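Listed below, chain by chain, are the residues.
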Amino acid sequence: MEFTSEHLRIYQRDGYVIVRNLFSKAEVDRLYALAVGDEVLSTKTYDRVDASGMKTKLALWYTLDDSLYSKFARSARIIDAVSQILGGPVAHYHSKLMQKEPKTGGAWEWHQDYGYWYKNNGFLFPDMLSVLTALTPSTKENGCLQMIKGSHKMGRVEHGFAGEQVGADLEKVNEALKIMPLEYLDMEPGDTAFFHCNTLHASAANLSDKPRWSIITAYNLASNKPYKDVHESSYTPVEPFYGDLLAEEQAGITDTADFLVKS
């Protein structure tokens, strides 16, 4: 599949869109197998505790390298789509591997990504989005993404802490849920969701016996240079990768990928 004008129309209307089979099962299986055994990623992974005390594991990094993860992040299938959405050259803000383990994976509170990118990182404009590719099946039972359809049109809402996470003002969330549809994003491996940085989204705890792993990359319009953030990647245009992900060396991530360290 590829990102089409119809996908763009849905994204602009709803604040998100899923492109089914953007990556093949073989491509995603290769990345998932690499991630499961990646010792560097394992040492850089940390927990985020939700309001009930359950934990989601993630590793987040800013710098692109020669790893298979970076080739996914630079894939022309994604970069061409993001360029259409943002209307200009695309920069890589950060990538993260989300790991919701069976029975223990925590919830992610209602939030907008821009809620903290604006406040903590100094991005003045919401010319940003996230792209999530499912590495394992993502279902309501194992805590898939939930989106409030059309909520990106609300603009940025205030955020505060919920557990160790930053969450949106629940009064605004509850009012939004009264007038806008809630959708659970059931996804198969290789399905890819593009969502606006102001779209309200959340995910429930994984109470199933199956893991939910995904790779999420945040992109920025290269001209939207932050005044606080020090990561050059956030305003450096990405060079798209047009190669064959199955033919590429199965390289793991390096220590120099500029990982976020939990404070």
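Owing to the predicted nature of the structure, the values given are computational and were not obtained by experimental measurement. (Residues numbered from 1 in each chain as written. Predicted model: local features only at pLDDT ≥ 70, side-chain atom pairs only at ≥ 80, totals over all residues. Heavy atoms only, no water.)

Caption draft 1: Representation of the sheet that holds strand β7 (residues 145-148) in the model. In space, the four strands of this open sheet follow the order β5-β12-β7-β10, with antiparallel pairing throughout. Single-partner strands in this sheet number two, and they are β5 (108-111) and β10 (182-184). The sheet shows a mean angle of 20° between the axes of neighbouring strands, taken without regard to direction. Of the pairings in the sheet, the one linking β7 to strand β12 (residues 201-203) comprises three bridges and is antiparallel in character. From the neighbouring strand, leucine 145 faces β12, where its bridge partner is serine 203. (Pairing = 2+ DSSP bridges. Helix = DSSP H or I, 4+ residues; strand = E, 2+ residues; numbered from the N terminus. Axes fitted to C-alpha atoms, helices over the stretch in contact; angles between N-to-C directions.)

Caption draft 2: View of the pairing of strand β11 (residues 192-196). Counted residue by residue, β11 has five buried out of five residues, so it is predominantly covered. Residues Thr192, Phe194 and His196 line one face of β11 and the alternating positions Ala193 and Phe195 line the opposite face, and both faces are buried. Two elements, strand β6 (residues 128-134) and β11, share five bridges in a ladder whose sense is antiparallel. Bridge pairing in β11 places leucine 132 opposite alanine 193. (Buried < 20%, exposed > 50% of the residue type's maximum accessible area, 1.4 Å probe, protein only.)

Caption draft 3: Expanded view of the nonpolar core. Grouped together as the largest cluster of nonpolar side chains are 41 residues, with contacts concentrated most on Leu41, Trp61, Tyr69, Val82, Leu129, Phe194 and Tyr219. No other element matches helix α5 (residues 76-86), which puts six residues into this core. Apart from residues no more than four positions distant in its own chain, tryptophan 61 is found in contact with Leu41, Tyr69, His92, His94, Ser95, Lys96, Leu97, Ile253, Ala257, Asp258 and Phe259. Residues Leu60, Tyr93, Trp117 and Ala134 belong to the second largest nonpolar core, which totals 25 residues. (Core = buried A, V, L, I, M, F, W, Y, C linked by side-chain atoms within 4.5 Å. Contact = heavy atoms within 4.5 Å.)

Caption draft 4: Structural context of the environment of alanine 76. Note that alanine 76 resides in helix α5. Considering only alpha carbons, one finds alanine 76 and glutamate 239, 163 residues apart in sequence, at a separation of 8.7 Å. Excluding its chain neighbours within four sequence positions, the residues that come into contact with alanine 76 are Ala81, Pro240, Phe241 and Tyr242.

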